[in-house]
Amino acid sequence: MEHYLKIQKPELEYTYEFEMDQLSQMSECLDAHGFAIIKDVLPDELVDSLKQAVFDGTDPNRELEHGQSRTRHAWVESGAGAWQLLEYEPFMKIHRHLIESDELTVHRSAAIIRMPGSHPVAWHTDWCGFSTDAPKNSGDVLNRGMWPSGKWFYITGSRPEHGGLCVIADSHVENWEGPEGFNLTADKRSFYKIDGEEKAYADFDVPGCVPLFTNPGDMIVFAHRTYHAAFPNQIDEIRLSCAIGFRSRDHQIDIPWEIPAVGKRFLADLPPHLHKYTHGYTSIDTAWRG
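Residues numbered from 1 in each chain as written. Predicted model: local features only at pLDDT ≥ 70, side-chain atom pairs only at ≥ 80, totals over all residues. Heavy atoms only, no water.

Q: Just give me the short version of the overall build of the protein, but keep the residues and values in it.
A: Across its full length, the protein holds 7 helices and 13 strands. The C-alpha atoms of the protein give a radius of gyration of 18 Å, which matches the 19 Å a tight globule of 290 residues would have. The principal-axis extents of the C-alpha atoms in the protein amount to approximately 55 × 45 × 40 Å. The buried share among the 290 residues of the protein stands at 52%. Total accessible area on the protein stands at roughly 13,500 Å², and carbon and sulfur atoms take up 47% of it. Within the protein, the 44 negative side-chain charges are centred at a point lying 5 Å from the centre of the 27 positive side-chain charges. (Helix = DSSP H or I, 4+ residues; strand = E, 2+ residues; numbered from the N terminus. Rg over C-alpha atoms; globule rule 2.2 N^0.38 Å. Buried < 20%, exposed > 50% of the residue type's maximum accessible area, 1.4 Å probe, protein only. Areas by Shrake-Rupley, 256 points an atom, 1.4 Å probe, with all protein chains shown as cover. Lys, Arg positive; Asp, Glu negative; His and termini not counted. Charge placed at Lys NZ, Arg CZ, Asp CG, Glu CD.)

Q: Can you explain the sheet that holds strand S5 (residues 121-124)? Please cite residues and give values.
A: Here 4 strands make up an open sheet; going across it, the order is S5-S12-S7-S10 and the pairing antiparallel. The strands lining the two open edges of the sheet, one partner per strand, are S5 and strand S10 (209-211). Across the sheet, the axes of successive neighbouring strands diverge by a mean angle of 20°, strand direction being ignored. Two strands pair when backbone bridges link them, and strand S7 (residues 165-168) and S10 are joined in this way by 3 bridges, in the antiparallel orientation. Residue pairing across strands places cysteine 166 opposite proline 211, the latter belonging to S10. (Pairing = 2+ DSSP bridges. Axes fitted to C-alpha atoms, helices over the stretch in contact; angles between N-to-C directions.)

Q: I'd love a proper account of a negative patch on the surface, names of residues and values included.
A: A cluster of acidic residues, Glu19, Asp21, Asp40, Asp44 and Glu45, forms a negative patch on the protein surface. Along the chain, the position of glutamate 19 falls in the loop between strand S1 (17-18) and helix H2 (23-33). (Patch = residues over 30% accessible without salt bridge, like charges linked within 9 Å, V, L, I, M, F, W, Y side chains within 5 Å. Salt bridge = Lys/Arg side-chain N within 4 Å of Asp/Glu carboxyl O.)

Q: Explain helix H3 (residues 44-58) to me, and be specific about the residues and the numbers.
A: With 15 residues, H3 ought to run about 21 Å at 1.5 Å a step, and its terminal C-alpha atoms sit 21 Å apart, in line with that. Packed against the buried residues of H3 are strand S3 (69-73), helix H4 (80-87), strand S4 (104-114) and strand S13 (239-248). (Expected span 1.5 Å × (residues − 1). Contact = heavy atoms within 4.5 Å.)

Q: How would you sum up the packing of H2 against helix H5 (residues 89-99)? Please name residues and give values.
A: The N-to-C vectors of H2 and H5 enclose an angle of 50°; their axes lie 11 Å apart at closest approach. For the element pair H2 / H5, the angle class is oblique. Here H2 runs over H5; the crossing is right-handed. Counted together, Leu23, Ser24, Met26, Ser27 and Leu30 of H2 and Lys93, Ile94, His97 and Leu98 of H5 form the full contact between these two elements. The residue makeup of the contact of H2 with H5, split by class, is 5 nonpolar, 3 polar and 1 charged. (Parallel < 35°, antiparallel > 145°, perpendicular 65-115°, else oblique. Left-handed = near helix turned anticlockwise from the far one by under 90°. Nonpolar A, V, L, I, M, F, W, Y, C, P; charged D, E, K, R; others polar.)

Q: Residue-level account of the side chain of arginine 114, with values.
A: Mapped onto the secondary structure, arginine 114 falls in strand S4. Although arginine 114 lies buried, it forms no salt bridge, and the closest oppositely charged side chain, glutamate 161, sits 12 Å away as judged by the N-O distance. Within the structure, the side chain of arginine 114 is placed 3.4 Å from the backbone oxygen of glycine 163, a separation counted as a polar contact. Those residues in contact with arginine 114 that lie beyond four places of it in its chain are Gln68, Ser69, His119, Pro120, Val121, Gly163, Ala230, Phe231, Pro232, Asn233, Ile238 and Arg239. (Polar contact = N/O pair within 3.5 Å; in protein donor to acceptor, adjacent residues only side chain to side chain.)

Q: Describe the pattern of salt bridges, and please don't skip the residues or the numbers.
A: Under the defined criterion, the tally for this structure stands at 13 salt bridges. One salt bridge connects glutamate 17 with lysine 9, and the closest N-O pair in it is separated by 2.9 Å. Owing to a relative accessible area of 23%, glutamate 17 belongs among the partly exposed residues under this scheme. Given a relative accessible area of 40%, lysine 9 falls into the partly exposed group. Note that aspartate 59 and arginine 70 form a salt bridge whose closest N and O atoms lie 3.4 Å from each other. Placement of the pair is aspartate 59 in the loop between H3 and S3 and arginine 70 in strand S3, with a sequence separation of 11 residues.

Below, the structure written as structure tokens:
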């Protein structure tokens with residue numbers, strides 16, 4: 001753990017942390033470097049409530065053990081705990097700004113629990129638009145748009161020893177060829193050392209790596225192509241994170257799966273005044289294969 005404790009918050013040549021009244025500057029940084037942090041988006045009481053919502057939707061019986069991790073896809077479907085974000089105006093203001101529209105549809109959502117001792121998350125990009133072939137899975141269907149892909153709250157904080165997030169600055173540009181000393185994998189979703197095995201790289205000695213240090217109420221935003229990874233959780237504290245992302249209502253997606261029962265229940269149970277965010281909602285079927 002000492003190695004990760006020694007990692008310091010980077011001092012870059014540009015500002016990448018912004019306040020809520022600096023969304024235009026935030027977007028400029030996002031466009032230029034592929035990531036940004038918005039400070040103090042959530043108040044402490046909402047952070048505490050979201051922690052419970054992540055547990056309720058992802059590990060309700062608290063079954064996860066040391067070293068394990070679990071992701072709840074379509075976390076917004078888990079209940080009212082997640083819906084708090086849809087009710088919170090500062091959060092929605094950011095998304096209207098990012099999407100440049102007042103008419104938003106919930107696109108994807110997730111919550112992640114990473115127990116102490118959990119392994120790192122290898123470098124990858126969420127974007128699936130490199131391929132023009134038929135989609136192979138549900139993520140491949142949903143992740144081909146141009147909207148920002150990362151809108152995360154690390155509600156127990158992001159720091160290297162606690163499984164925090166890191167990004168590669170400027171990796172979001174079209175035709176990016178990978179970090180110096182590395183080759184992109186054939187699908188361009190990750191990279192590996194030159195002369196090394198072609199598999200997603202899971203260490204952090206990567207040129208351009210920026211470890212992100214955030215407080216629980218801060219929002220991390222990164223562009224759809226930005227390559228990112230997560231450190232192992234090396235301390236005795238469970239790491240919690242959650243996200244709800246949107247797309248413009250005008251962007252309809254013809255899904256090749258039937259919305260699962262839990263998704264239909266979400267649409268039925270969501271309060272009427274929030275139905276404006278579900279026009280064209282797709283849910284997700286993680287078992288679907290093309």
